[in-house]
Amino acid sequence: MDHNNQKKIAAINDLSGFGKCSLSVALPLISKLGVQCCPLPTAVLSDHTGFDSYYFVDFSEHMEPYIDEWKKLNLRFDGILTGFLGSEEQIETVKSFIEHFADENTVVIVDPVMGDNGNTYATYTHEMCKGISKLVEHANIITPNVTEACILTGIPYKEHFSESELHEMTYKLCEKGPDMVVITGVDRGVYLENYVYQKDDGPRVLRTRRIAPQRSGTGDVFASIVAACFVQGLSFEKSVRKAADFIKECLKSSTELDIPVTDGVCFEKVIDKLHL
Ligand code: PXL
């Protein structure tokens, strides 16, 4: 029996019960784009770490036996998308997952989830950040925000970076291994910018008009859409545009519904607008 007739992405990320991020976002959005999403949980949380209180279960010890069953099924993946990790030891688990499951047709997308607005997330240690830096070497595509790009390059965080500074950052990031980098959600006043750099095509600045404040989970929406669109054969730049355009729709909807920014990106009412 061949389990590989449908395009699929392995999504290595946490399951947060409330706050719309990670697998709760990846599953519906990747599915909507016509790709099967196979979740490999890294942690289970009641709600994400941006809330004052949450229940956190590290899934590390379950990952190997879980992956062993996928090996028995001879699963192959068109995409491997990694996000929030639950412990330092998971970095090795994810690396060997990529080694085993990725072939020349698999695109590896590492969303180097570590922090935002100049701060690291509550459960992220210095060692985990160092590990994510190594993980990036195994990616074809990475989707850091400005904070994460700073951590990965060792450039101190500040609120404003010029285009030439972003260019230097993306160049440095590509030197680590990936062919395609997008620094997401760069604040440009009335615009939000995605700074795209491709090894074989150079830089491209993509802007959308900012219509609402940033909210948590935006990076997860972004990475999920880029991963699914790219797996479906869209160019990297087009995939980034799809993600940015859909996020704009979601932000509008979230504001209309008066959803607190911690509660994530409200995509349900506008999901019909997401297509290839
Ligand atoms: O959206 C990034 C993210 C993913 N998963 C968890 C988080 C966060 C950011 O706060 O806490 C559990």
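Residues numbered from 1 in each chain as written. Predicted model: local features only at pLDDT ≥ 70, side-chain atom pairs only at ≥ 80, totals over all residues. Heavy atoms only, no water.

Next up on the list: the overall build of the protein. Looking only at helices and strands, one finds eight helices and 11 strands in the protein. Relative to the 2.2 N^0.38 estimate, which gives 19 Å for 276 residues, the radius of gyration of the protein is 17 Å and therefore close to what a compact globule would have. Taking contacts inside the protein between residues at least 6 apart in sequence as the whole, the part at least 24 apart equals 67%. The positive charge centre, built from 27 side chains, and the negative charge centre, built from 40, are 7 Å apart in the protein. (Helix = DSSP H or I, 4+ residues; strand = E, 2+ residues; numbered from the N terminus. Rg over C-alpha atoms; globule rule 2.2 N^0.38 Å. Contact = heavy atoms within 4.5 Å. Lys, Arg positive; Asp, Glu negative; His and termini not counted. Charge placed at Lys NZ, Arg CZ, Asp CG, Glu CD.)

Within helix α5 (residues 146-153), seven of the eight residues are buried, which leaves the element mostly enclosed by the surrounding structure. Buried residues of α5: Val146, Thr147, Glu148, Ala149, Cys150, Leu152 and Thr153, and no others. Packing partners of the buried residues in α5 comprise β6 (115-116), β7 (119-120), α4 (126-135), β8 (141-142), α6 (163-175) and β9 (180-188). Where α5 begins, the side chain of Asn145 points an oxygen toward the backbone nitrogen of Thr147, at a separation of 3.1 Å. One or two positions beyond α5, positive phi appears at Gly154, with a value near 75°. (Buried < 20%, exposed > 50% of the residue type's maximum accessible area, 1.4 Å probe, protein only. Polar contact = N/O pair within 3.5 Å; in protein donor to acceptor, adjacent residues only side chain to side chain.)

Where helix α2 (residues 60-72) meets helix α3 (residues 90-101), the axes come as close as 10 Å, and the angle between the chain directions of the two elements is 10°. Of the possible angle classes, the one that applies to α2 and α3 is roughly parallel. Contacts from Ser60, Met63, Glu64, Ile67, Trp70 and Lys71 in α2 reach Gln90, Thr93, Phe97, His100 and Phe101 in α3. Residues belonging to the contact of α2 with α3 are distributed by class as follows: five nonpolar, four polar and two charged. (Axes fitted to C-alpha atoms, helices over the stretch in contact; angles between N-to-C directions. Parallel < 35°, antiparallel > 145°, perpendicular 65-115°, else oblique. Nonpolar A, V, L, I, M, F, W, Y, C, P; charged D, E, K, R; others polar.)

Taken together, the residues surrounding the ligand are Asp14, Ser16, Cys21, Ser22, Leu45, His48, Thr49, Phe84, Tyr121 and Asp220. In the model, a nitrogen atom of the ligand is placed 2.7 Å from a nitrogen or oxygen of the Asp14 side chain. Note that an oxygen atom of the ligand is positioned 2.6 Å from one of the side-chain N or O atoms of Thr49. Protein burial of the ligand: of its 320 Å² of free accessible surface, 94% is covered by the chains. Residues belonging to the shell around the ligand are distributed by class as follows: four nonpolar, four polar and two charged. (Near = heavy atom within 4 Å. Areas by Shrake-Rupley, 256 points an atom, 1.4 Å probe, with all protein chains shown as cover.)

Another aspect to go through is the packing of aromatic side chains. Applying the stated criterion across every chain yields a total of 10 aromatic pairs. With a centroid separation of 6.3 Å and 80° between ring planes, the pair formed by Tyr171 and Tyr197 is classed as edge-to-face. Taken as a pair, Tyr171 in helix α6 and Tyr197 in strand β10 (residues 191-198) lie far apart in primary sequence, 26 residues in all. Chaining the aromatic ring pairs together yields one cluster made of Phe59, Tyr66, Trp70, Phe77, Phe97 and Phe101. Sitting over the face of the ring of Phe77, Lys8 holds its NZ or CZ atom 5.5 Å from the ring centroid. Of note, Lys20 hangs over the ring of Phe267, and the distance from its end group to the ring centre comes to 5.8 Å. (Phe/Tyr/Trp six-rings, centres within 6.5 Å; stacked < 30°, edge-to-face > 60°. Lys NZ or Arg CZ within 6 Å of the ring centre and 35° of its normal.)

Take the nonpolar core next. Core analysis: the biggest nonpolar cluster contains 45 residues, and Trp70, Phe77, Leu85, Phe97, Tyr124 and Ile183 have the highest contact counts within it. Sequence-distant contacts of Ile183, defined by excluding residues within four places in its chain, comprise Pro144, Asn145, Val146, Ala149, Leu166, Met169, Thr170, Leu173, Glu193, Asn194 and Tyr195. Ranked by size, the runner-up nonpolar core spans 41 residues in total, among them Cys37, Ile109, Ile141 and Val182. (Core = buried A, V, L, I, M, F, W, Y, C linked by side-chain atoms within 4.5 Å.)

A few words on the pairing of strand β2 (residues 36-45). As a general feature of sheets, a regular strand has side chains that alternate between the two faces. Burial runs high along β2: seven of the 10 residues are buried. The pairing of strand β1 (residues 8-16) with β2 spans eight bridges and is parallel. Across the sheet, Ala11 pairs through a bridge with Pro39, a residue of β2. Running through helix α1 (residues 23-32), the crossover from β1 to the neighbouring parallel element β2 is right-handed. (Pairing = 2+ DSSP bridges. Right-handed = clockwise from strand over helix to strand, strands pointing away.)

According to the stated counting rule, one finds one cavity of 30 Å³ or more in the structure shown. Considering only enclosed or pocket space, the largest cavity measures out at about 60 Å³ in volume. Every residue lining the largest cavity is listed: Ala11, Asn13, Ser22, Ala26, Leu81, Thr82, Gly83, Asp111, Asp220, Ala223 and Ser224. Of all the secondary-structure elements, those providing two or more residues to the lining of the largest cavity are β1, β4 (79-82) and α7 (218-231). Among the elements that make up the lining of the largest cavity, the one with the highest residue count is α7 (three residues). Broken down by class, the residue content of the lining of the largest cavity amounts to four nonpolar, five polar and two charged. (1 Å grid on protein atoms, 1.4 Å probe; cavity = no way out; pocket = protein on both sides within 12 Å on 5 of 7 lines; lining within 4 Å. Points joined across faces, edges and corners; volume = space filled by probe spheres on them.)

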